[in-house]
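Architecture and fold: a report
So the chains spell out like this:
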Amino acid sequence: MGSKRIWISTEPEDPLKDPSSTSCSTLSLRLSSDEIARLRNQDTKNLLRNKKLYLILDLDHTLLNSTPLTHITPEEEHITGRQDAYEGSLFVLEHMHTMTKLRPFVRTFLKKASEIFEMYIYTMGDRSYAHEMAKILDPNREYFDSRVISRDDGTQRNQKGLDVVLGQENCVLILDDTKKAWTKHKDNLILIDRYHFFASSCQQFGLSCKSLSQLEMDESEGGGALATIIGVLKRIHTIFFQELEDELAGRNVTWVLKMLRMEVLEGCKIIFSHVSPPVDYQYLWKTAEQLGVTCVAELDKSVTHVVAMHARTRKSHWAVKENKFLVNPRWIEASFYLWKRQPEESFPVKQEKKPAVRIEG
């Protein structure tokens, strides 16, 4: 019988020893598939008995943002002398030649999430970086213990997988900013809007906008992405344990996740008009359907929204005439990330200063 490797939560032999220096063999074991299944089943039963689920957390652009010190731009140099202004959320790691900024609300998020989830860190960074970030996020080892997984521990190149997590997939939620890292577990994934504090982060993703540090701004502590997500996680937990009628072991957290997503734009019926690159039309269509939207290709009176890049199209004119909502594509994305239908008036369609030529579509 073949064997697989799985991440077992164990204490290092010496509790004072830095976990980043612990050999991988003390933190993971090679076991038969039958033994892994038995361990997963037992661990999940124990967790459910304590009314908890599993939560896998990405690091970069999800909980924090890091940059090499050599990539700090002249516009960002002011932050190196103002660490006190960031209230313990900015760290200069000279030995790693790195600066790290924690996302606002992250400490409150971890505290609240730990009450209803057993949490793992899972990053595409290397092991030393993963453990260094874990020490910043969890200096007292209250939340993760040794449940810190890096790219060195995965079983697939450039991919993350739940095969190294000790937990049944039907009880696992994933919080990450990158969908393509979880091709086999999309149903478990909660996507979070990327945190771009440093300029190098914007450059990494080909963004032409200024970073938060360049703008001398930051996300809202109480109204940012993590504050929104903790509310979603609490709702999922409540529904899973209190509202589903199946036997506890047979419940599936992905059903709850899908149901809550479908409620975001339930009752909306949209048609797209002249949506073109850089906006991904197919992505928008699929995202809208995940939010409970009915997408159509032909106009009729039941359409509630026209999604357009500009107001010169035939469908845009129809929306204005029929008193329907006319919004730009960001309305769908914002509703997706904020888990709530956003005010349509906040996403107006651009009125181009060109001759009034109507475009078909």
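Residues numbered from 1 in each chain as written. Predicted model: local features only at pLDDT ≥ 70, side-chain atom pairs only at ≥ 80, totals over all residues. Heavy atoms only, no water.

Focus: helix H1 (residues 33–49)
For H1, spanning 17 residues, the distance from its first C-alpha to its last is 24 Å, which sits close to the expected 24 Å at 1.5 Å a residue. Of all the residues in H1, the buried ones are Ile36, Arg40, Thr44, Leu47 and Leu48. Taken down its axis, H1 places every buried residue within 90 degrees of arc, on the same side. Residues of H1 that are exposed and point more than 90 degrees away from the buried face comprise Asp34 and Arg49. (Helix = DSSP H or I, 4+ residues; strand = E, 2+ residues; numbered from the N terminus. Expected span 1.5 Å × (residues − 1). Buried < 20%, exposed > 50% of the residue type's maximum accessible area, 1.4 Å probe, protein only. Arc of directions from axis to C-beta.)

Concerning the pairing of strand S13 (residues 305–308)
Where burial is concerned, the two faces of S13 agree: the one with His305 and Val307 and the one with Val306 and Ala308 are both buried. By the bridge criterion, 4 bridges tie strand S11 (residues 269–273) to S13 in an arrangement that is parallel. Counterpart to isoleucine 270 in the pairing with S13 is histidine 305. Note that S13 and strand S14 (residues 325–327) share 3 bridges and pair parallel. Note that in S14 the partner of valine 307 across the bridge is valine 327. Each parallel crossover has a hand, and for S13 linked through helix H8 (residues 314–321) to S14 it is right-handed. (Pairing = 2+ DSSP bridges. Right-handed = clockwise from strand over helix to strand, strands pointing away.)

Points about the side chain of serine 211
With respect to the helices and strands, the residue serine 211 is situated in the loop between helix H4 (199–204) and helix H5 (225–243). A polar atom in the side chain of serine 211 sits 3.2 Å from the backbone oxygen of phenylalanine 197. (Polar contact = N/O pair within 3.5 Å; in protein donor to acceptor, adjacent residues only side chain to side chain.)

Let's talk about the side chain of threonine 98
Inspection of the secondary structure assignment puts threonine 98 in strand S6 (residues 98–102). Only 2.8 Å separates the side chain of threonine 98 from the backbone oxygen of methionine 96, close enough to count as a polar contact. Setting aside residues no more than four positions away along its own chain, threonine 98 makes contact with Ser66, Thr67, Pro68, Leu69, Phe91, Val92 and Leu93. (Contact = heavy atoms within 4.5 Å.)

Describing the sheet that holds strand S5 (residues 90–93)
With antiparallel pairing, 3 strands are arranged side by side in an open sheet as S4-S6-S5. With one partner strand each, in any of the chains shown, strand S4 (64–68) and S5 form the two edges of the open sheet. On average, each strand axis in the sheet is inclined to that of its neighbour by 15 degrees, with strand direction left out of account. With respect to the sheet, helix H3 (residues 127–137) is in contact with S4, S5 and S6, its orientation differing from that of S4 by roughly 130 degrees. (Axes fitted to C-alpha atoms, helices over the stretch in contact; angles between N-to-C directions.)

What to know about the environment of isoleucine 192
As for its position among the elements, isoleucine 192 is in the loop between strand S10 (189–191) and H4. The spacing of isoleucine 192 and phenylalanine 336 is 144 residues in sequence and 9.2 Å in space, taken between C-alpha atoms. If we skip the residues at most four places from it in the chain, isoleucine 192 touches Thr62, Arg103, Leu175, Asp176, Asp177, Ala225, Leu226, Ile229 and Tyr337.

Observations concerning the packing of aromatic side chains
Evaluation of the coordinates by the stated rule reveals 8 aromatic pairs. Relative to tryptophan 182, the ring of tyrosine 122 has its centre 5.4 Å away and its plane inclined at 80 degrees; by these criteria the two rings are edge-to-face. Taken together, the positions of tyrosine 122 in strand S7 (residues 117–122) and tryptophan 182 in the loop between strand S9 (172–176) and S10 put the pair 60 residues apart, joining distant regions of the chain. Pair check on accessibility: tyrosine 122 and tryptophan 182 agree, each one buried. Seen in terms of ring centroids, tyrosine 281 and tryptophan 285 are 6.0 Å apart; in terms of plane orientation they differ by 70 degrees. Their pairing is edge-to-face. Taken together, the residues tyrosine 281 and tryptophan 285, both in helix H7 (residues 281–290) and 4 residues apart, mark about one turn of the helix. Stacked on the ring of phenylalanine 197, the Lys or Arg lysine 101 has its end atom at 5.1 Å from the ring centre. Positioned above the aromatic ring of tyrosine 120 is the side chain of arginine 147, whose terminal nitrogen or guanidinium carbon lies 5.8 Å from the ring centre. (Phe/Tyr/Trp six-rings, centres within 6.5 Å; stacked < 30°, edge-to-face > 60°. Lys NZ or Arg CZ within 6 Å of the ring centre and 35° of its normal.)

Observations regarding helix H6 (residues 253–264)
Along its 12 residues, H6 runs 18 Å from first to last C-alpha, staying within 8% of the 16 Å computed at 1.5 Å per residue. Buried residues of H6: Val253, Thr254, Val256, Leu257, Leu260, Arg261 and Val264, and no others. Seen end-on, H6 carries its buried residues on one side only, within an arc spanning 160 degrees. Those residues of H6 that are buried are in contact with strand S3 (53–57), S9, S10, H5, H7 and helix H9 (330–338).

Details of the confidence of the model for the chain
With 87% of its residues at a pLDDT of 70 or more, the chain shows a mean pLDDT of 89. Scored below 50 in pLDDT, residues 9–28 makes 29 contacts in the model with residues more than four places away or belonging to other chains. (pLDDT = per-residue confidence, 0-100.)

So, the sheet that holds S11
Spatial ordering of the open sheet is given by S12-S11-S13-S14, a layout of 4 strands whose pairing is parallel. The sheet is open, and its two borders are formed by strand S12 (294–296) and S14, each paired with just one other strand. On average, each strand axis in the sheet is tilted by 30 degrees relative to the strand beside it, whichever way the strands run. The pairing of S11 with S12 spans 3 bridges and is parallel. Counterpart to lysine 269 in the pairing with S12 is threonine 294. Together, S11, S13 and S14 form the strand contacts of H8, whose direction differs from that of S13 by roughly 145 degrees.

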